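Read off the chains here:
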Amino acid sequence: MKIEAYTITILVGVLGSSVISALIVWIANRGKTKAEVKNIAAETSNVIAETYGKMFEDLKDQIKYQGDQIKALQQRELEYLKIIHGHQETERELRAQIKALEIKLSLRITKIETDNQ
């Protein structure tokens, strides 16, 4: 035989045994791979569940905090409305006093005009 024939024979033998070895390993590990995929899927589900649980708790805390802020703002609004109402009452009283003073002034002007005639 020639060297090329030996080389081809060796290559065929090596490649053939490699393919057979790969098939044996694949068959042997097939069940293990499925189990590992199931474990990874279960772990991923647990991580996702924990993450969503934490996110839900954070969201509840934020909603509670915002609810507290709304209550505080409503209380402040009531205080401001009371202040506004008080200022409106004062304004009405002052307008009444101004009107009374305008009437008084008008009467005095009329009196002065009649006295000067």
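Residues numbered from 1 in each chain as written. Predicted model: local features only at pLDDT ≥ 70, side-chain atom pairs only at ≥ 80, totals over all residues. Heavy atoms only, no water.

**Student:** Describe the overall build of the protein, naming the residues involved and giving the relevant values.
**Tutor:** The secondary structure content of the protein amounts to 1 helix and 0 strands. Surface exposure of the protein reaches about 11,200 Å², of which carbon and sulfur atoms provide 64%. (Helix = DSSP H or I, 4+ residues; strand = E, 2+ residues; numbered from the N terminus. Areas by Shrake-Rupley, 256 points an atom, 1.4 Å probe, with all protein chains shown as cover.)

**Student:** An account of the pattern of salt bridges is requested, with residue identities and associated values reported.
**Tutor:** Applying the stated criterion across every chain, the model contains 3 salt bridges. The residue Arg 95 makes a salt bridge to Glu 91 at a minimum N-O spacing of 2.9 Å. With Arg 95 and Glu 91 both in helix H1 (residues 3–116), this residue pair falls 4 residues apart, about one helical turn. A residue is classified by how much of its surface remains accessible, and Arg 95, at 54% relative accessible area, is exposed. (Salt bridge = Lys/Arg side-chain N within 4 Å of Asp/Glu carboxyl O. Buried < 20%, exposed > 50% of the residue type's maximum accessible area, 1.4 Å probe, protein only.)

**Student:** Which residues make up a nonpolar patch on the surface, and what values do they have?
**Tutor:** The grouping of Leu 78, Tyr 80, Leu 81, Ile 83 and Ile 84 at the surface amounts to a nonpolar patch, some 490 Å² of accessible area in total. Mapping Leu 78 onto the fold places it in helix H1. (Patch = residues over 30% accessible without salt bridge, like charges linked within 9 Å, V, L, I, M, F, W, Y side chains within 5 Å.)

Purely geometric stuff here, so don't read any function into it on its own.
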